[in-house]
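Read off the chains here:
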Amino acid sequence: MSDQQATPRPTSAALTEAAAVAGYAPSVHNTQPWRWRILPDAMELYAERSRQLSAADPEGHLMLVSCGAALHHAVVALAAAGRAAEVRPLPDPDRPDLLARVTAEAPAEVTAEAMRRMQAIRLRHTDRRPVSDTPVPEAAVQAIVAATTGLARLHLLTRDQVLELAAAASAAAEAEQADPQMQEELAYWRDRALPPEVLPERPAQTTVPVRDFGAPGTLPIGPGHDRAARYAVLYGDDDEPRTWLLAGQALSAAWLAATQLGVSMVPLSSVIEVPGTRQALRRALADLGYPYLVLRLGVADPERRGPAHPPRLPVEQVIDTSAVAAG
Ligand SMILES: Cc1cc2nc3c(=O)[nH]c(=O)nc-3n(C[C@H](O)[C@H](O)[C@H](O)COP(=O)(O)O)c2cc1C
């Protein structure tokens with residue numbers, strides 16, 4: 001072993017790298033509403049309110065789900081770098097934007113699974129085109145459900161519940177299209193954060209509509225109808241910042257598992273954004289709990305290449321290393 005290999009990497013370098021990897025996390029409209037502060041022995045996750053959707057997400061629920069996904073991505077990156085992360089959520093009413101502190105002093109064996117999960121971070125993407133007619137294998141569905149254990153719960157919708165979801169998703173789309181503030185906000189983020197290469201060329205004729213971003217993209221959609229898609233609701237017992245952050249971690253865990261299993265996943269959040277349809281969804285779940293996000297699962301057409309990731313913010317804008325840079 002060379003001297004260089006024998007010298008352990010400083011914790012702050014590993015944390016900075018994990019924060020950079022977390023930049024690949026999914027976020028509502030690709031807003032990336034988070035900020036990391038790197039300390040010598042910990043990293044802090046903050047919500048970045050300037051990137052919150054004030055019209056669609058005034059309470060910051062989807063912002064927190066997005067931050068939770070970034071948090072989970074960082075933990076996966078640390079595991080792949082041989083570090084066991086410890087996450088301490090920080091529900092501090094005096095500092096509501098400080099969401100969690102992550103430490104990663106303990107060495108961990110780098111397992112093959114940790115490396116596969118890390119690879120899935122690079123491969124995961126949102127493909128909004130209709131999925132193929134190949135059903136999602138039941139074992140894959142169950143593995144995706146299992147990935148959320150301990151973070152949130154995932155309920156698979158029955159056929160009747162899918163019809164209720166379809167009605168709610170159409171109503172939510174109509175409500176958002178009729179709201180000039182929502183439209184302005186959508187256009188703002190679409191034009192800055194979602195290039196045409198990641199959006200379908202036109203809205204597809206599907207039972208449950210996916211979000212129409214209001215401008216055509218360049219992805220050819222083909223003849224798909226989402227007939228073989230499965231729908232699931234991520235939900236939990238409480239409706240508070242702590243549980244929305246957990247829901248984001250669950251989203252990331254489920255999506256990385258899906259990616260590893262060749263299953264395409266698309267979040268549908270309009271039904272959550274519009275209070276009336278969120279209530280309708282809650283009733284459709286027979287008051288099981290509070291819905292956090294709807295997910296479409298499916299098998300993408302194997303002939304089609306998936307879209308690239310839309311661009312991410314420069315790391316200097318997202319990661320503050322000033323507390324370690326001097327030392
Ligand atoms: C909380 C949350 C809500 C989202 N809602 C939607 C949605 O309603 N419709 C949609 O097409 N994509 C939705 N997305 C996917 C994001 O638009 C996507 O993650 C982002 O543009 C980054 O692209 P990528 O996932 O390909 O890396 C959502 C993602 C998150 C985390």
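Please read all numbers here as calculations on a predicted model, not as lab measurements.

Chemist: Describe the sheet that holds strand 3 (residues 86-89), with residues and values.
Modeler: On the basis of which strands lie adjacent, the open sheet formed by five strands has the order 3-4-2-1-9 and mixed pairing. Lying at the two open borders of the sheet, with one neighbouring strand each, are strand 3 and strand 9 (319-320). Pairing of strand 2 (residues 43-47) with strand 4 (residues 98-103), which is carried by four bridges, proceeds in the antiparallel orientation. The residue of strand 4 that forms the bridge with Glu44 is Arg101. Helix 2 (residues 11-21) rests against strand 1 (34-38), strand 2, strand 4 and strand 9 of the sheet, and its axis sits at about 170° to strand 1.

Chemist: Could you give me a rundown of the pairing of strand 4, with the residues and numbers involved?
Modeler: One ladder, built from four bridges, connects strand 3 with strand 4; its direction is antiparallel. Across the sheet, Pro89 pairs through a bridge with Ala100, a residue of strand 4.

Chemist: An account of unusual backbone geometry is needed here, citing residue identities and associated values.
Modeler: The phi torsion of most residues other than glycine is negative, and most of the peptide bonds are trans. Positioned with a positive phi, His29 is a non-glycine residue whose angle comes to about 55°. Inspection of the secondary structure puts His29 in the loop between helix 2 and strand 1. The backbone phi angle of Gln32 is positive, close to 50°, even though this residue is not glycine. Position of Gln32 among the secondary structure elements: in the loop between helix 2 and strand 1.

Chemist: Account for the site of the ligand, with residues named and values stated.
Modeler: Close to the ligand lie 23 residues; Arg124, Thr126, Arg128, Ser269 and Arg312 are nearest. Between the ligand and the protein, one listed contact pairs a nitrogen atom with a backbone N or O atom of Pro267 at 3.3 Å. Measuring from an oxygen atom of the ligand, one finds a side-chain N or O atom of Arg312 at 2.7 Å. Isolated, the ligand exposes 620 Å² of accessible area, and the fraction of that covered by the protein chains is 99%. Of the residues assigned to the shell around the ligand, the class counts are 11 nonpolar, eight polar and four charged.

Chemist: Break down the environment of Ala187 for me, with residues and values.
Modeler: Within the element layout of this structure, Ala187 appears in helix 7 (residues 180-193). When its relative accessible area of 22% is taken as the criterion, Ala187 is described as partly exposed. In this structure the C-alpha to C-alpha distance between Ala187 and Ala112, which are 75 residues apart in sequence, comes to 42 Å.

Procedures and definitions
Residues numbered from 1 in each chain as written. Predicted model: local features only at pLDDT ≥ 70, side-chain atom pairs only at ≥ 80, totals over all residues. Heavy atoms only, no water. Pairing = 2+ DSSP bridges. Helix = DSSP H or I, 4+ residues; strand = E, 2+ residues; numbered from the N terminus. Contact = heavy atoms within 4.5 Å. Axes fitted to C-alpha atoms, helices over the stretch in contact; angles between N-to-C directions. Near = heavy atom within 4 Å. Polar contact = N/O pair within 3.5 Å; in protein donor to acceptor, adjacent residues only side chain to side chain. Areas by Shrake-Rupley, 256 points an atom, 1.4 Å probe, with all protein chains shown as cover. Nonpolar A, V, L, I, M, F, W, Y, C, P; charged D, E, K, R; others polar. Buried < 20%, exposed > 50% of the residue type's maximum accessible area, 1.4 Å probe, protein only.

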